[in-house]
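Observations on the three-dimensional arrangement
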Amino acid sequence: MTQPAKLALEDGTVFTGKAFGATGEVEVTGALSGTVTIGGTLGMLDADAAVSGTVSAAGAITTVDVVGDLSGSVTTSAGQAITSTTVGGDITGTLRAGT
């Protein structure tokens, strides 16, 4: 079953379409400086560099593993949890679960 998806650009333009690709895991080879929104549970956020963008999940986030600094925000919806977090650098951003 294909999920609906939206892509919102900085200038306010919104494109509506269908979601595709793997579900449940986000792996970033470089730095994450944009916005990632997951409609359900995110199994793992794995970033090889810094995270300065925004990651939000409607469900729980099982693992957050960031090699560099975390200056952005990682959040879940109300009643959801972030189970495990590893950050190799400084945390000046926000890890917020269940708010």
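**Topic: the overall build of the protein chain**
If you tally the helices and strands in the protein chain, you get zero helices and ten strands. The secondary structure elements of the protein chain, listed N-terminal to C-terminal, are β-β-β-β-β-β-β-β-β-β. A separation of at least 24 residues holds for 1% of the contacts in the protein chain among residues at least 6 apart in sequence. Put simply, the protein chain shows about 6000 Å² of open surface, and 51% of that area lies on carbon and sulfur atoms.

**Topic: the sheet that holds strand E10 (residues 94–98)**
Sheet architecture is open: four strands sit in the order E4-E6-E8-E10, paired in parallel fashion. Only two strands of the sheet have a single neighbouring strand rather than two, namely strand E4 (35–38) and E10. Strand-to-strand twist of the sheet, defined as the mean angle between neighbouring strand axes without regard to direction, takes the value 10°.

**Examining the environment of Thr-16**
In this structure, Thr-16 sits in strand E2 (residues 14–18). Spatially, the C-alpha atoms of Thr-16 and Ala-5 are 5.9 Å apart, while their sequence positions differ by eleven residues.

**With respect to a nonpolar patch on the surface**
On the surface, Leu-7, Leu-9 and Phe-15 cluster together to form a nonpolar patch covering roughly 280 Å² of accessible area. Along the chain, the position of Leu-9 falls in the loop between strand E1 (4–8) and E2. Its relative accessible area of 38% is what places Leu-9 among the partly exposed residues.

**Notes on the nonpolar core**
Here is a general trend for soluble globular proteins: nonpolar side chains tend to be buried in one another's company. Judged by nonpolar contacts, the single largest core of 16 residues is most densely connected at Leu-42, Leu-45, Val-55, Ile-61, Val-64 and Val-74. Looking at this core, the elements that each hand over two or more residues are E4, strand E5 (42–47), strand E6 (54–57), strand E7 (61–66) and strand E9 (82–87).

What counts, and at which threshold
Residues numbered from 1 in each chain as written. Predicted model: local features only at pLDDT ≥ 70, side-chain atom pairs only at ≥ 80, totals over all residues. Heavy atoms only, no water. Helix = DSSP H or I, 4+ residues; strand = E, 2+ residues; numbered from the N terminus. Contact = heavy atoms within 4.5 Å. Areas by Shrake-Rupley, 256 points an atom, 1.4 Å probe, with all protein chains shown as cover. Pairing = 2+ DSSP bridges. Axes fitted to C-alpha atoms, helices over the stretch in contact; angles between N-to-C directions. Patch = residues over 30% accessible without salt bridge, like charges linked within 9 Å, V, L, I, M, F, W, Y side chains within 5 Å. Salt bridge = Lys/Arg side-chain N within 4 Å of Asp/Glu carboxyl O. Buried < 20%, exposed > 50% of the residue type's maximum accessible area, 1.4 Å probe, protein only. Core = buried A, V, L, I, M, F, W, Y, C linked by side-chain atoms within 4.5 Å.

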